[in-house]
Amino acid sequence: MGALTTRSPQARIRKPKWMTLPVVLGGAVILFWVLTALTVQWWAPHDPISIVDTRLLGPSWDHPLGTDALGRDVLSRTLYGARASMPVAAGVIVSALLLGGVVGAVAGFFGGWVDSFLMRLTDMVMAFPPILLAMVIAATLGVGIRNAAIAMTLVWWPGYARLLRGQFMAVKSYDHVIAAESLGASQFRLMTKHILPIAFTPLLVVSTMDFGGVVLLAASLSFIGLGAVPPFPEWGSMISEGSRRFYDYWIALGPGIAILTVVLGANFIGDGIRDLLDPRTKS
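Keep in mind that this is a model prediction, so the values were computed, not measured. Along each chain, residues carry numbers from 1 onward, in the same order as the chain's sequence is written. It should be noted that, the model being predicted, local features are given only for residues of pLDDT at least 70 and side-chain atom pairs only at 80 or more, the latter also being counted only at that level, while totals for whole chains, interfaces and linings use all residues. Computation of side-chain values: all heavy atoms of the structure, hydrogens and water removed.

Novice: A description of the overall build of the chain should follow, citing residues and the corresponding values.
Specialist: Helix and strand counts for the chain stand at ten helices and zero strands. Numbering of helices and strands starts at the N terminus; helices are DSSP runs of H or I of at least 4 residues and strands are runs of E of at least 2. Going residue by residue from the N terminus, the α and β elements of the chain occur as α-α-α-α-α-α-α-α-α-α. Here the C-alpha atoms of the chain give a radius of gyration of 24 Å, more than 25% beyond the 19 Å that 2.2 N^0.38 yields for 283 residues. Any residue under 20% of the maximum accessible area for its type is buried, any over 50% is exposed, and the rest in between are partly exposed; the area is computed with a 1.4 Å probe on protein chains only. Sorting the 283 residues of the chain into buried and exposed places 41% on the buried side. By definition, residues are in contact when any of their heavy atoms lie within 4.5 Å. Contacts spanning at least 24 positions in sequence make up 70% of the contacts within the chain whose residues lie at least 6 apart. When charges are tallied, Lys and Arg are placed among the positive residues and Asp and Glu among the negative ones, while His and the ends of the chain are skipped. We put the charge of a Lys on NZ, of an Arg on CZ, of an Asp on CG and of a Glu on CD. Computed over 21 positive and 16 negative side-chain charges, the inter-centroid distance for the chain is 10 Å. Radius of gyration here is computed from C-alpha atoms only, and the compact-globule reference equals 2.2 Å multiplied by the residue count raised to the power 0.38.

Novice: I'd like to hear about the packing of aromatic side chains, residue by residue, with values.
Specialist: Ring geometry is summarised as follows: Phe, Tyr and Trp rings, the Trp one being its six-membered ring, pair when their centres sit within 6.5 Å, and such pairs are stacked at plane angles under 30 degrees, edge-to-face over 60 and tilted between the two. Taken as a whole and assessed by the stated rule, the structure comprises three aromatic pairs. Centroid distance Phe-32 to Trp-33: 5.0 Å. Interplanar angle 70 degrees. Geometry classified as edge-to-face. A relative accessible area of 40% means that Phe-32 is categorised as partly exposed. Take Trp-33: its relative accessible area is 8%, and that puts it in the buried class. With a centroid separation of 5.1 Å and an interplanar angle of 70 degrees, the aromatic rings of Trp-33 and Trp-235 are classed as edge-to-face. Linking Trp-33 in helix α2 (residues 21-43) with Trp-235 in helix α9 (residues 235-243), this pair joins segments that are 202 residues apart in sequence. Comparing Trp-33 with Trp-235 shows no difference in burial state: the two are buried. One aromatic cluster in this structure is built from Phe-32, Trp-33 and Trp-235.

Novice: Tell me about helix α3 (residues 74-110), and please be specific about residues and values.
Specialist: Expected span, for any helix, means 1.5 Å times one less than how many residues it has. End to end, α3 covers 53 Å across 37 residues, agreeing with the expected 54 Å (1.5 Å per residue, within 8%). Where α3 ends, the next residue or the one after it, Gly-111, has phi of about 65 degrees, a positive value.

Novice: Give a description of the nonpolar core that names residues and reports values.
Specialist: Residues belong to one nonpolar core when they are buried, are Ala, Val, Leu, Ile, Met, Phe, Trp, Tyr or Cys, and are joined through side-chain atoms within 4.5 Å. In terms of nonpolar packing, the biggest core is built from 59 residues, with Trp-33, Met-152, Phe-168, Phe-211, Trp-235 and Val-262 touching the most fellow members. When contributions to this core are tallied by element, the ones reaching two or more residues are α2, α3, α4 (112-126), α5 (130-141), α6 (145-171), α7 (175-182), α8 (187-223) and α10 (250-277). Ranked by residue count, the leading element in this core is α3, at 14 residues. Among residues more than four places away in sequence, those in contact with Phe-168 are Ala-105, Gly-108, Phe-109, Met-191, Ile-195, Leu-196 and Ala-199.

Novice: Describe α9, naming the residues involved and giving the relevant values.
Specialist: Here α9 lies mainly inside the structure; seven of its nine residues are buried. Buried within α9 are the following residues: Trp-235, Gly-236, Ser-237, Met-238, Ser-240, Glu-241 and Gly-242. Contact partners of the buried residues in α9: α2, α3, α8 and α10. Polar contact criterion, stated in full: a pair of N or O atoms within 3.5 Å, where within protein one must be able to donate a hydrogen and the other to accept it, and residues adjacent in sequence count only if both atoms are side-chain atoms. The backbone nitrogen of Gly-236 lies 2.6 Å from a side-chain oxygen of the residue at the head of α9, namely Glu-234.

Novice: Which residues make up the pattern of salt bridges, and what values go with them?
Specialist: The salt bridge criterion pairs a side-chain nitrogen of Lys or Arg with a carboxyl oxygen of Asp or Glu, the two atoms within 4 Å. Scanning the model with the defined rule gives six salt bridges in all. A salt bridge links Arg-120 to Asp-123; its shortest N-O distance comes to 3.0 Å. One end of the pair is Arg-120 and the other is Asp-123, both in helix α4 and three residues apart, which spans about a single turn. Note that Arg-274 and Asp-271 form a salt bridge whose closest N and O atoms lie 3.7 Å from each other. Linking Arg-274 with Asp-271, this pair stays in helix α10, spanning three residues, or about one helical turn. Ionic contacts of the salt-bridge type, sharing partners, join the residues Asp-68, Arg-72 and Arg-77 into one network.

Novice: Please set out the packing of α8 against α9 residue by residue, giving values where relevant.
Specialist: Every axis in this analysis is a line fitted to C-alpha atoms, fitted for helices over the stretch in contact. Angles between the N-to-C directions lie between 0 and 180 degrees. Where α8 meets α9, the axes come as close as 7 Å, and the angle between the chain directions of the two elements is 50 degrees. One element, α8, and the other, α9, form an angle in the oblique class. Considering the relative orientation of α8 and α9, their crossing is right-handed. Here Val-215, Ala-219, Ser-222 and Phe-223 of α8 come into contact with α9, specifically with Trp-235, Gly-236, Ser-237, Ile-239, Ser-240 and Ser-243. Its residues assigned to classes, the contact of α8 with α9 shows five nonpolar, five polar and no charged. With respect to orientation, any angle under 35 degrees is reported as roughly parallel, any angle over 145 as roughly antiparallel, any angle of 65 to 115 as roughly perpendicular, and every other angle as oblique. By the definition used in this description, the sense in which the near helix is turned from the far one sets the handedness, with an anticlockwise turn below a right angle giving left-handed and a clockwise turn giving right-handed. Side-chain classes are defined by residue name, with Ala, Val, Leu, Ile, Met, Phe, Trp, Tyr, Cys and Pro counting as nonpolar, Asp, Glu, Lys and Arg as charged, and the others, Gly among them, as polar.

Novice: If you had to explain the confidence of the model for the chain to someone new, which residues and values would you point to?
Specialist: Looking at any residue, its pLDDT shows the predictor's confidence there, from 0 to 100. The pLDDT averaged across the chain works out to 87; a share of 91% of its residues lies at or above 70. When the criterion is pLDDT under 50, residues 1-6 qualifies, and its contacts beyond four places in sequence or with other chains add up to zero contacts.

Novice: So what about the side chain of Asp-68? Which residues, and what values?
Specialist: With respect to the helices and strands, Asp-68 occurs in the loop between α2 and α3. At 3.0 Å, the side chain of Asp-68 and the backbone nitrogen of Gly-71 are in polar contact. When neighbours within four sequence positions are excluded, Asp-68 is seen to be in contact with Arg-55, Leu-56, Val-74, Arg-77, Glu-241 and Ile-251.

Novice: Tell me about the environment of Leu-183, and name the residues and values.
Specialist: Among the secondary structure elements, Leu-183 is positioned in the loop between α7 and α8. Here Leu-183 falls in the exposed class, since its relative accessible area comes to 77%.

Novice: Break down a nonpolar patch on the surface for me, citing the residues and quoting the values.
Specialist: On the surface, Leu-196, Phe-200, Leu-204, Leu-276 and Leu-277 cluster together into a nonpolar patch covering about 350 Å² of accessible area. For the nonpolar patch, the elements supplying multiple residues, two or more each, are α8 and α10. One can find Phe-200 in helix α8. Residues qualify for a patch when their relative accessible area is over 30% and they have no salt bridge, like charges being joined within 9 Å and the nonpolar side chains of Val, Leu, Ile, Met, Phe, Trp and Tyr within 5 Å. Computed with the Shrake-Rupley method and a 1.4 Å probe, the accessible areas treat only the protein chains shown as cover for residues.

Now the structure itself:
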């Protein structure tokens, strides 16, 4: 018999390959902004709408990010901005997943003229630049964060439809799907029980990475006046106000950092989910 070898605790306990420092930091950042959106009314330094001091004060101990042109605390408005950006982004992602998922699943499963019709509709929407199409829809519906969310949903779903359609077309030829079909499984059961759980995995990764993009698009609409209605604090509208006052940089600094951290955090989490679900990365 060969000699028995012992392994140290450090050798036995290995950190998963997907659990990297960027993933942990990204998760912490997103968790911070989610908790901020839920609890900011209880611990924010000041009311985001009330005038608390002299207008256009620079950063100080009382106001770490200064005050804006009306004398409102920029830090408090930045924190309260999460109450607009985070729920809107989550709602747009979920709505676009539902709409695009249904279109892509039906097109990929049935094929034929159904696939051709739905994909031509998808191509028609994708032919327009997302920001321009969202501007047109939001301007048509009217100014407001709800109408901006509807516009972003109508712009965002085609990518998910395309992705899920390709996944359905690939998975429906798998052996277990063919076997279930030969045993008399209904089309609805084939789609929901045998194909969707496998086909949905790439969609989960992409939608996680898209979270930051939706936050950025929402800020872009508010930047040009098609999103949140003042005086409601929103990151894009705050940056728009700061862009008109070049030397009062602190007005746009807070919301700019907030958008940057959300976008990076969402991308880091998406990378981690991709590595977690990718069989090529598993030992």
